[in-house]
Amino acid sequence: MRTLEELNIHNTYARLPESFYSRVTPTPFSKPPYLVSFNAAAAALIDLDPKEAARPEFTDYFSGIRPLPGSEPIALLYAGHQFGQYVPRLGDGRAILLGEVVNEVGDKWDLHLKGAGQTPYSRDGDGRAVLRSTIREYLCSEAMHGLGIPTTRGLCIVGSDEEVLREEGAETAAMLIRLAPTHVRFGSFETFYYRGQPDSLRRLADYVIDQYLPHLQGADDRYPCFLTEVVIRTAQLMAQWQAVGFAHGVMNTDNMSILGLTLDYGPFGFLDDYNPGFICNHSDRGGRYAFHRQPDIGRWNLHALAQALLPLMSEDEAKQALTAYEPALVEHYRDLMRQKLGLLEWRPEDGDLVTGLLSIMQANHVDYTNCFRGLGDFRSNPDALNAPLRDMFLDRVAFDAWAARYRARLRAECDHDAERKERMNRVNPKYVLRNYLAHTAIIQATDKKDFTEIARLLGLLQDPYTERPDMEPYAALPPEWGKHISVSCSS
Ligand code: AMP
Ligand code: MG
């Protein structure tokens, strides 16, 4: 375990050509910083001793008051397609890469300070992040990790009494330290393609391959293989989002990680009632990023990336790489749904079993998370009524018809109820970050500077599969007020 000053900081991105980024320094808050939350699990990734969080230097380093020893802060350049339109100059407008920590086992983690003040990419923005959004990002990224979904992580939130203006009025500013193996996005490549800078494009591709996909190093076909790798990772990520009921909300290409991580948590939402057309971002009027469109948007974004990589490969190679998307998506989704249903193997008729369940869930407005969790208690005995699960459906006839098919399917596999339940409870979470849960933590933090709820949720969501009787209310359906929380891009 290391102290803050001993962190093994490298600056490999800052060794790339100067045109890839801007050298900047964080702008401290105008008011003193204080620690809102610290995540020991993330600290372990960078070998940081958790006791370090108690030192005053901790908030100083992670709110830009003191430079972290060894850090060469930069803001990364990138572009991207936002809601289908190409925007040539985006970049880290409010986040600063402090450096990259290499831990004892050789993994490298970006220390990315979000809300660190203006950079040359801030356009009209103030470079700040609000406490509300940093809490959402921090909790959700840890929740996704707990669910086994690739994601950036959250090390800590540092708050202050500085106020910033947003659509909703004056809000508290905060900074978040985000960890990820890299923050390179699809849009990082697009910027060099549209500027007509193939050498930079190649340099960036080589950097990503060398640092993160070393098995491709030196191969003649490394660029098409690299694209194929991103295609497959993205397809698998989409399958995971769909299977868990997560809507990202702003799947612009600048928010698409080159490593297939869930990146940039804005107006995201987990499904409550199963509604495939769910739009979590209230600014997304056309529903471009509605829940059921995510797999198609993933493909659209990969096409945008493939286009940007054309200077590095033939059109045929790019097209060939893209063909990996559909099978990877379908196969992974199928596998996840098979596990969610507690089946040991996939049979051709199982597709109908899945769509049959989803369609009665939709028609009956049944909660996605709780329904799958409840399915773990399904008893395959023909006399079993399976009352608690059945009672989630207003249309009992439809449920009974589906249950009969499910029962037959389970019996065909020589199913053992207790074993199946155990298997299912390891893949169907009990707890997800419902909007209303995050909202409660946010209100306590912003109105009373009470951060206990953040800590409680963090602990709960890092292990969302284990039943915790004392935490039962956290698995409850949203209260009426919690169903209509509107979340916009303004953060
Ligand atoms: P996001 O919606 O957070 O993915 O951000 C999209 C782009 O807008 C990125 O280039 C951000 O850096 C930039 N941006 C968002 N909010 C701000 C802000 N308050 N100040 C400066 N730039 C911002
Ligand atoms: Mg973004």
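Residues numbered from 1 in each chain as written. Chains lettered and ligands numbered in written order. Predicted model: local features only at pLDDT ≥ 70, side-chain atom pairs only at ≥ 80, totals over all residues. Heavy atoms only, no water.

Enquirer: Tell me about the environment of glycine 117, and please be specific about residues and values.
Expert: Its location among the elements puts glycine 117 in the loop between strand 8 (108–114) and strand 9 (129–130). Its relative accessible area of 2% is what places glycine 117 among the buried residues. Sequence spacing of glycine 117 and alanine 129 is twelve residues, and the spatial spacing of their C-alpha atoms is 8.6 Å. Leave out the neighbours within four places in its chain, and glycine 117 touches Thr27, Gly93, Arg94, Asp126, Gly127 and Arg128. (Helix = DSSP H or I, 4+ residues; strand = E, 2+ residues; numbered from the N terminus. Buried < 20%, exposed > 50% of the residue type's maximum accessible area, 1.4 Å probe, protein only. Contact = heavy atoms within 4.5 Å.)

Enquirer: Describe the domain arrangement of the chain, and please don't skip the residues or the numbers.
Expert: When its domains are assigned, the chain resolves into domain 1 (4–183), domain 2 (192–322) and domain 3 (341–424). On a C-alpha basis, the centroid separation for the pair domain 2 and domain 3 is 33 Å. On the domain 3 side, the residues contacting the nine residues of domain 2 number eight residues. Here domain 2 packs against domain 3, burying approximately 700 Å² in sum over the two surfaces, 51% of which is carbon and sulfur. On the domain 2 side of the interface with domain 3, the three residues burying the most area are Asp272, Asp273 and Tyr274, jointly 65% of the side's total. (Domains from an automatic or database assignment. Buried area = accessible area lost by both parts, 1.4 Å probe.)

Enquirer: Give me the coordination of the magnesium ion (ligand 2): which residues, what numbers.
Expert: Around the magnesium ion (ligand 2), the donor atoms from the protein are Asn255 (OD1) and Asp264 (OD), and they sit 1.8 to 2.2 Å away. The two residues asparagine 255 and aspartate 264 agree in class, both being buried. (Donors = N, O, S within 2.8 Å, 3.2 Å for Na, K, Ca; no water.)

Enquirer: Which residues make up the packing of helix 3 (residues 131–146) against helix 16 (residues 452–461), and what are the values?
Expert: As a packed pair, helix 3 and helix 16 sit with axes 8 Å apart at the nearest point and diverge in direction by 20°. Overall, the two elements helix 3 and helix 16 adopt an arrangement that is roughly parallel. When the axes of helix 3 and helix 16 are compared, the crossing they make is right-handed. Residue-level inspection shows Ile135, Tyr138, Leu139, Glu142, Ala143 and Gly146 of helix 3 in contact with helix 16, the latter providing Ile454, Leu457, Leu458 and Leu461. (Axes fitted to C-alpha atoms, helices over the stretch in contact; angles between N-to-C directions. Parallel < 35°, antiparallel > 145°, perpendicular 65-115°, else oblique. Left-handed = near helix turned anticlockwise from the far one by under 90°.)

Enquirer: I'd like to hear about the site of ligand 1, residue by residue, with values.
Expert: In the region of ligand 1, 16 residues are neighbours, and Gly91, Gly93, Arg123, Asp126 and Gly127 sit closest. Arginine 94 is positioned such that a nitrogen or oxygen atom in its side chain is 3.2 Å from an oxygen atom of ligand 1. Here aspartate 264 contributes a side-chain N or O atom positioned 3.0 Å from an oxygen atom of ligand 1. Taking 480 Å² as the accessible area of ligand 1 by itself, protein coverage stands at 81%. (Near = heavy atom within 4 Å. Polar contact = N/O pair within 3.5 Å; in protein donor to acceptor, adjacent residues only side chain to side chain. Areas by Shrake-Rupley, 256 points an atom, 1.4 Å probe, with all protein chains shown as cover.)

Enquirer: Explain the nonpolar core residue by residue, including any values.
Expert: Judged by nonpolar contacts, the single largest core of 156 residues is most densely connected at Tyr13, Phe62, Phe189 and Phe226. In terms of residues, this core owes the most to one element, helix 6 (residues 222–244), which gives twelve residues. (Core = buried A, V, L, I, M, F, W, Y, C linked by side-chain atoms within 4.5 Å.)

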